[in-house]
Amino acid sequence: MSLIPQEFHAFIYTVWTVYIVAIGGWILLQKRSPISTLTWILTLSFIPVLGFFIYYLFGPKKIIRHRLSRRRSRQIVDRNYAIWDPYIQSEDFPEEYKSMARLIFNITNIPLCHSMDYRLLSGGEKTYDAIFEAIRRAKNYILLEYYIFETDGTGIAMRDLLTEKLKEGVKVYLLVDALGSSRLTRNFMHDFVRAGGELGFFHNITWRRLFSLINFRNHRKIVICDGLTGFTGGVNISDEQDSRRNPKAYHDVHIQVDGPVVAWLESIFIEDWHYSTGDLALVRTLRKAERTDFDVERVVTEPSQAYRMQVIPSGPDSDFAPILRVMLSAMYRARKRIYLTTPYFVPDEASLFALTSAALRGVDVRLLVPRKSDNLVVTLATQSWYDDLINAGIRIYEYTPRMLHTKTLVIDDDLSFIGSANFDYRSFYLNFEVSVLCYEPKANELLAREFHDSLNSSEEVVPKKQSFAYRLLTSTARLFSPLL
């Protein structure tokens, strides 16, 4: 005989029913994918009342209230910041690429442009050496945007170098993600700020904004020196990405570019800076910036010497998931090969179909992931797709020496992507990311060579019978993939 009154049972059932209807309605109104929506509803149904706070804190909500602020920042940048017109006009562009370039322009408003160089930096060591050297050469201003800026040896070296440049009269602006760089304090940056450095925090975590913005992070990595040289990719400021400081450091890649494309990376920084700080001084400082170090006439008359490319910013302030949309378009165009490298492989249905469809029509599709990532649930979720991918003809490799943090995509012999975005839900739908698509075989070959070099330190996954416990564990991890 139950010691709990029947009336109390009825009360509990009523409250639970009301809760499920309320939380379900809230999630449904976000208009996310059916899989993501059902996963959240089923998961939170078993966490009465507390589920409201969990979804408010971590759920994939659209940042509707903050889109107006993002749009206002974008308008201010467009109105005050003079972007270079692309010197390589669309009529000089091969017909086979025009639809891709048009797609990017229509969803990002960033046109086809070019770089006078494309330098692939393999590993944190080469990346830091190149960035530090560019900073030392800077004469007017330096812009830096990072998801993680640690207070370790690498962070100290960067802080001290930036402080030295400030004392030389160079303007320095540093924007970091408030959550990813939570250990970076104003006390740590005291000398930098005192020397005149500008420090900003993206989606700063305050009590007022804690629940609404904690899930939308700025995962971009951008460095601009004098508007002439730019860097982007996957490398943060941390000893975790420099094998000279940490033998188990992540392996990652970055690119260095020069020329008009830098202005588009710069515009992304300016928009993020204004959105985060409300400061107009940077826009006014750069809108009349002189860029005379390049021989523009040579670029015009010798377009074959330039690397044609487009910058693709992406974030929850866009309904189009730009990076994912462009990558999928490129995959469906593939006829020869697709080489995808990512530390976190958590595909949605559309990306899974694109990869498997390519393999089934005879494209050489290869996936390179770390054997063990820094997130156990993501590792298990990734492994849950192995059988499906291998059955479709995709070859999977696991990088064994250490954590692989590279984020690249090579399509056939011409298209190549490199940037900050992982191949997962969070990067495609929640984080603010940036990627660069290059249309040149020369850049494609560099990333293909990097892929094959990494394969030399990897092992191919072969199908084998797994225990029931392992299959149950990976399947459970996959169930939560829309939440990762």
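Residues numbered from 1 in each chain as written. Predicted model: local features only at pLDDT ≥ 70, side-chain atom pairs only at ≥ 80, totals over all residues. Heavy atoms only, no water.

### Overview of the sheet that holds strand β5 (residues 198-202)
Across the sheet, seven strands lie side by side as β2-β8-β7-β6-β3-β4-β5; this open sheet has mixed pairing. Only two strands of the sheet have a single neighbouring strand rather than two, namely β2 (117-122) and β5. For this sheet, the mean inter-axis angle between neighbouring strands, taken without regard to orientation, is 15°. Helix α7 (residues 153-167) contacts β3 (141-146) and β4 (171-177) of the sheet and is inclined by roughly 155° relative to β3. Its contacts with the sheet put helix α18 (residues 441-455) on β2 and β8 (253-258), and the angle it makes with β2 is roughly 5°. (Pairing = 2+ DSSP bridges. Helix = DSSP H or I, 4+ residues; strand = E, 2+ residues; numbered from the N terminus. Axes fitted to C-alpha atoms, helices over the stretch in contact; angles between N-to-C directions. Contact = heavy atoms within 4.5 Å.)

### Let's talk about empty space enclosed by the protein
Summed over all chains, the structure comprises four cavities of 30 Å³ or more. Volume-wise, the largest cavity comes out at about 50 Å³. In this structure, the largest cavity is lined by Pro343, Val369, Pro370, Ser373, Val378, Thr379, Thr382, Gln383 and Tyr386. For the lining of the largest cavity, the secondary-structure elements that each account for two or more residues are β11 (364-370) and α15 (376-383). (1 Å grid on protein atoms, 1.4 Å probe; cavity = no way out; pocket = protein on both sides within 12 Å on 5 of 7 lines; lining within 4 Å. Points joined across faces, edges and corners; volume = space filled by probe spheres on them.)

### Points about the pairing of β3
Burial within β3 is extensive, with six of its six residues counted as buried. Neither face of β3 is open: one carries Tyr141, Leu143 and Glu145, the other Ile142, Leu144 and Tyr146, and all of them are buried. With six bridges connecting them, β3 and β4 associate as parallel partners. Bridge pairing links tyrosine 141 to lysine 171 in β4. Relative to strand β6 (residues 222-225), β3 runs antiparallel, the two being bridged by four bridges. Bridge pairing in β6 links leucine 144 to valine 223. (Buried < 20%, exposed > 50% of the residue type's maximum accessible area, 1.4 Å probe, protein only.)

### Things to note about the sheet that holds strand β1 (residues 113-115)
Pairing within the open sheet is mixed, and its nine strands lie in the order β1-β9-β15-β14-β13-β10-β11-β12-β16. In this open sheet, the two strands that pair with only one neighbour each are β1 and β16 (458-460). Averaged over all pairs of adjacent strands, the angle between strand axes in this sheet comes to 25°, irrespective of strand direction. Pairing of β11 with strand β12 (residues 395-399), which is carried by five bridges, proceeds in the parallel orientation. Bridging across to β12, proline 370 finds its partner in tyrosine 399. Packed on one face of the sheet, helix α5 (residues 95-108) meets β9 (307-314), β14 (415-419) and β15 (433-438) and runs near 35° to β9.

### Quick word on unusual backbone geometry
Here the phi dihedral of asparagine 109 falls at roughly 70°; this positive angle occurs in a residue that is not glycine. Among the secondary structure elements, asparagine 109 is positioned in the loop between α5 and β1. Given the relative accessible area of 45%, asparagine 109 is considered partly exposed. Notably, aspartate 412 is not glycine yet its phi reads approximately 50°, a positive angle. Looking at the element boundaries, aspartate 412 is found in the loop between β13 (408-411) and β14. Classification of aspartate 412 by relative accessible area gives buried; the value is 9%.

### Concerning helix α6 (residues 124-137)
An α-helix turns once every 3.6 residues. As a result, residues three or four positions apart point the same way. Across its 14 residues, α6 extends 20 Å between first and last C-alpha, which sits within 8% of the 20 Å expected from 1.5 Å per residue. Residues Gly124, Glu125, Thr127, Tyr128, Ala130, Ile131, Phe132, Ala134 and Ile135 constitute the buried set of α6. Where α6 is buried, its residues contact β2, β3, α7, β6, β7 (229-233) and β8. (Expected span 1.5 Å × (residues − 1).)

### Considerations on the packing of helix α13 (residues 322-333) against helix α14 (residues 349-360)
At a closest axis distance of 9 Å, the pairing of α13 and α14 adopts a crossing angle of 20°. Of the possible angle classes, the one that applies to α13 and α14 is roughly parallel. The interaxial crossing formed by α13 with α14 has left-handed handedness. Contacts from Leu324, Leu328, Met331 and Tyr332 of α13 reach α14 at Ala350, Ser351, Phe353, Ala354, Leu355, Ser357 and Ala358. Each residue belonging to the contact of α13 with α14 can be placed in one class, and the counts come to nine nonpolar, two polar and no charged. (Parallel < 35°, antiparallel > 145°, perpendicular 65-115°, else oblique. Left-handed = near helix turned anticlockwise from the far one by under 90°. Nonpolar A, V, L, I, M, F, W, Y, C, P; charged D, E, K, R; others polar.)

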